[in-house]
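Report on the structure
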Amino acid sequence: MAVQKILTYPDPRLRTLCEPVLEFDKNLETLIEDMADTMYDAPGIGLAAIQINVPKRVIVMDLSETKSQLQVFVNPEIVDLNQGTREVEEGCLSVPGFFVPVKRPEKVLIKAQDKLGDHFELEADEMTAVCIQHEVDHLNGKVFVDYLSRMKRERIRNKLTKARGDFESRVA
Ligand code: GNR
Ligand code: NI
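Figured I'd write up the structure that's included with this text. (Residues numbered from 1 in each chain as written. Chains lettered and ligands numbered in written order. Predicted model: local features only at pLDDT ≥ 70, side-chain atom pairs only at ≥ 80, totals over all residues. Heavy atoms only, no water.)

Looking at the overall build of the chain
Rules: Where helices and strands are cited, they refer to DSSP runs of H or I of at least four residues and of E of at least two residues respectively, numbered from the N terminus. Any residue under 20% of the maximum accessible area for its type is buried, any over 50% is exposed, and the rest in between are partly exposed; the area is computed with a 1.4 Å probe on protein chains only. Contacts: residue pairs with any heavy atoms within 4.5 Å of one another. Accessible areas in this description were obtained via Shrake-Rupley with a 1.4 Å probe; residue shielding takes into account the shown protein chains only. Under this rule, positive means Lys or Arg and negative means Asp or Glu; His and the chain ends count for nothing. A single reference atom marks each charge: NZ on Lys, CZ on Arg, CG on Asp, CD on Glu.
Across its full length, the chain carries three helices and seven strands. Reading the secondary structure of the chain in the N-to-C direction produces α-β-β-β-β-β-β-β-α-α. Expressed along its principal axes, the backbone C-alpha trace of the chain runs to roughly 45 × 40 × 30 Å. Buried residues in the chain amount to 42% of all 172 residues. Long-range pairs, those at least 24 residues apart, make up 63% of the contacts in the chain with a sequence separation of at least 6. Accessible area of the chain: about 9700 Å², with a carbon and sulfur share of 50%. Both charge centroids of the chain, one from 23 positive and one from 29 negative side chains, sit 10 Å from each other.

Here is the structure:
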């Protein structure tokens, strides 16, 4: 069990363009374990490696009620299946306390590798489609607040930097 600290917006490290995984080794296995531990602890339904400050193209997700169906996506690619768009309220562990509607493609094809490097494909809709797109955005340095107006984004940024300042002065 190695729960890691989650980076919070507007931390500039969340803007990193993450690197593909080339070696499917013990390091990758440990990273995936840490990510799952951190996601379940939070709790959240997904996590991208950069959220724990590892700039690699690795995602974990678990959308099951019982939190017993971990999904791992290494080097994922998303293809829009052009079945329209849908607006769903999103949250992010790196933007704690804010939930806002984001419009995204409704149905996507995911091409990815598993932790051993084997390639697989998966058609996704509903929450799986929302979550994988949210996570792949993280791998490209994008956060869901980027879809909001500048005014709304700035309001969230100000609240989070002020919240952090309050916390730091209390623990100091
Ligand atoms: O836990 C999470 N919930 C969530 C809800 C709606 C849309 C996307 C998400 S992903 C989020 C976890 C997270 O921040 N992943 O990057
Ligand atoms: Ni997120």
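Here's the deal with the sheet that holds strand β6 (residues 108-113)
Paired through their backbone hydrogen bonds, the strands of a sheet run either parallel or antiparallel. Note the following rule: The pairing criterion is simple: DSSP has to find at least two bridges between the two strands. All axes are obtained by fitting lines to C-alpha atoms, using only the stretch in contact for helices, and the reported angles, taken between N-to-C directions, cover 0 to 180 degrees.
If you walk across this open sheet you meet the five strands as β1-β2-β3-β6-β7, and the pairing is antiparallel. Looking at which strands have only one partner, the edges of the open sheet turn out to be β1 (46-48) and β7 (119-124). Strand-to-strand twist in this sheet, taken as the mean axis angle between neighbours without regard to direction, amounts to 40°. Note that β1 and strand β2 (residues 58-61) share three bridges and pair antiparallel. Bridged to leucine 47 within β2 is valine 60.

Details of the site of ligand 1
Worth spelling out the cut-off: Residues are labelled near a given molecule or strand when at least one of their non-hydrogen atoms is within 4 Å of it. Throughout this description, a polar contact denotes any pair of N or O atoms lying within 3.5 Å of each other; where both atoms belong to protein, one of them has to be capable of donating a hydrogen while the other can accept it, and for residues adjacent in sequence the pair is counted only when both atoms sit in side chains.
Close contacts around ligand 1 come from 14 residues, with Ile45, Gln51, Leu93, Glu135 and His138 the closest. One of the side-chain N or O atoms of histidine 134 is found 3.2 Å from an oxygen atom in ligand 1. Take glutamate 135: an N or O atom from its side chain is 2.6 Å from an oxygen atom of ligand 1. Elements represented by at least two residues in the shell around ligand 1 include exactly β4 (85-90) and α2 (126-139). By residue number, the principal contributor to the shell around ligand 1 is α2, which donates five residues.

Thoughts on the coordination of the nickel ion (ligand 2)
What counts, and what does not: Counted as donors are N, O and S atoms no farther than 2.8 Å from the metal, or 3.2 Å for Na, K and Ca; water is not among the atoms, and sites may therefore look incomplete.
Here the nickel ion (ligand 2) is held by Cys92 (SG), His134 (NE2) and His138 (NE2), and the distances to it run 2.1 to 2.3 Å. Written as a sequence motif, the donor arrangement for the nickel ion (ligand 2) is C-x41-H-x3-H. Here histidine 138 lies in helix α2 and cysteine 92 lies in the loop between β4 and β5 (100-105), a separation of 46 residues in the sequence. A relative accessible area of 8% means that cysteine 92 is categorised as buried. Judged by relative accessible area, which is 1%, histidine 138 ranks as buried.

Overview of the nonpolar core
Short version of the rule: Put simply, buried Ala, Val, Leu, Ile, Met, Phe, Trp, Tyr and Cys residues joined by side-chain atoms within 4.5 Å make one nonpolar core.
Membership of the largest hydrophobic core comes to 15 residues, with the highest contact counts inside it found for Ile59, Met61, Phe73, Val108, Ile110 and Ile132. At the level of secondary structure, the elements contributing two or more residues to this core comprise β2, β6 and α2. Ranked by the residues each element gives to this core, the list is headed by α2, at five residues. Here valine 108 is in contact with Ile78, Val79, Asp80, Leu81, Leu122, Glu123, Ala124, Ala129, Ile132 and Gln133, once residues within four sequence places are set aside.

Observations concerning the pattern of salt bridges
Where we set the bar: By definition here, a salt bridge exists when the distance from a side-chain nitrogen of Lys or Arg to a carboxyl oxygen of Asp or Glu is within 4 Å.
Per the counting criterion, the structure on display carries seven salt bridges. Between arginine 15 and aspartate 146 there is a salt bridge; the shortest N-O distance is 2.8 Å. With arginine 15 in the segment before α1 (26-41) and aspartate 146 in the loop between α2 and α3 (150-171), the pair connects residues that are 131 residues apart, well separated along the chain. A salt bridge links arginine 104 to aspartate 137; the nearest nitrogen and oxygen atoms lie 3.0 Å apart. Here arginine 104, found in strand β5, pairs with aspartate 137, found in helix α2; they are 33 residues apart in sequence, far enough to count as distant. In terms of burial, arginine 104 and aspartate 137 fall into one category: buried.

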